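Given next are the chains, with one letter for each unit.
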Amino acid sequence: MAVIVKGEITITKGFNHWKAMVFSQEEKMAEMGMQFLFAGTEKNDPTKLHTVIKFESAEAMQAFSADKELTETHQASRCGYREWCYDPNIRRLLH
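Rules used throughout
Residues numbered from 1 in each chain as written. Predicted model: local features only at pLDDT ≥ 70, side-chain atom pairs only at ≥ 80, totals over all residues. Heavy atoms only, no water. Helix = DSSP H or I, 4+ residues; strand = E, 2+ residues; numbered from the N terminus. Buried < 20%, exposed > 50% of the residue type's maximum accessible area, 1.4 Å probe, protein only. Contact = heavy atoms within 4.5 Å. Areas by Shrake-Rupley, 256 points an atom, 1.4 Å probe, with all protein chains shown as cover. Core = buried A, V, L, I, M, F, W, Y, C linked by side-chain atoms within 4.5 Å. Salt bridge = Lys/Arg side-chain N within 4 Å of Asp/Glu carboxyl O. Phe/Tyr/Trp six-rings, centres within 6.5 Å; stacked < 30°, edge-to-face > 60°.

Colleague: Now, about the overall build of the protein chain: what can you tell me, with residues and values included?
Modeller: For the protein chain, the helix and strand inventory stands at 5 helices and 4 strands. The secondary structure elements of the protein chain, listed N-terminal to C-terminal, are β-α-α-β-β-α-α-β-α. By the burial criterion, 32% of the 95 residues in the protein chain qualify as buried. Taking the intrachain contacts of the protein chain between residues at least 6 apart in sequence as the baseline, contacts between residues at least 24 apart amount to 73%. Carbon and sulfur atoms provide 51% of the accessible area of the protein chain, an area that totals close to 6100 Å².

Right, dumping it as structure tokens:
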């Protein structure tokens, strides 16, 4: 069963920097069963990034969270991830 995760992230180097980091890892994320459905910043605060990510399964989501290489890439890019939230209401839309 697919899982949808809504992310609310503070980025410190701008959307283009964050997007370049994501595209650099696109192949690996696809192999893990992860796909961005939406990503965008708030109009009045470009440091507030909102994402919606689809994982093929809960196991894919856990694999992503546990992947040390992706974590190191995110930290090295200093994109400034601050907060993720899981919204079970969004998940229900796939059923």
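Colleague: Let's hear about the nonpolar core: which residues, and what values?
Modeller: Of all hydrophobic cores here, the largest spans 16 residues; its most connected members are Trp18, Met34, Phe55 and Phe64. When residues of this core are traced back to their parent elements, those giving at least two are strand 1 (3-10), helix 1 (15-24), strand 3 (45-55) and helix 3 (58-66). Among residues more than four places away in sequence, those in contact with Met34 are Met29, Ile53, Lys54, Phe55 and Phe64.

Colleague: Could you give an account of the pattern of salt bridges, with specific residues and numbers?
Modeller: Tallied over the full model, the rule gives 3 salt bridges. A salt bridge links Lys6 to Glu8; the nearest nitrogen and oxygen atoms lie 2.7 Å apart. A relative accessible area of 26% means that Glu8 is categorised as partly exposed. One salt bridge connects Asp67 with Lys28, and the closest N-O pair in it is separated by 3.1 Å. Of the two residues, Asp67 sits in the loop between helix 3 and helix 4 (68-77) while Lys28 sits in helix 2 (residues 26-31), which places them 39 residues apart along the sequence. Classification of Asp67 as buried rests on a relative accessible area of 15%.

Colleague: Tell me what's going on with the packing of aromatic side chains, and back it up with residues and numbers.
Modeller: As enumerated under the stated definition, the model contains 3 aromatic pairs in all. Here the aromatic rings of Trp18 and Phe36 are separated by 5.4 Å at their centres, their planes lie at 90°, and the arrangement is edge-to-face. One end of the pair, Trp18, is in helix 1; the other, Phe36, is in strand 2 (residues 34-42), and 18 residues separate them in sequence. Accessibility expressed as a relative area gives 2% for Trp18, which makes it buried. Geometrically, the ring pair formed by Phe55 and Phe64 is tilted, given 5.7 Å between the ring centres and 45° between the ring planes. On the accessibility criterion, Phe55 (2% relative accessible area) is buried. Of the residues examined, Phe64 reaches a relative accessible area of 13% and is grouped as buried. Aromatic ring contacts, followed pair by pair, group Phe15, Trp18 and Phe36 into a single cluster.

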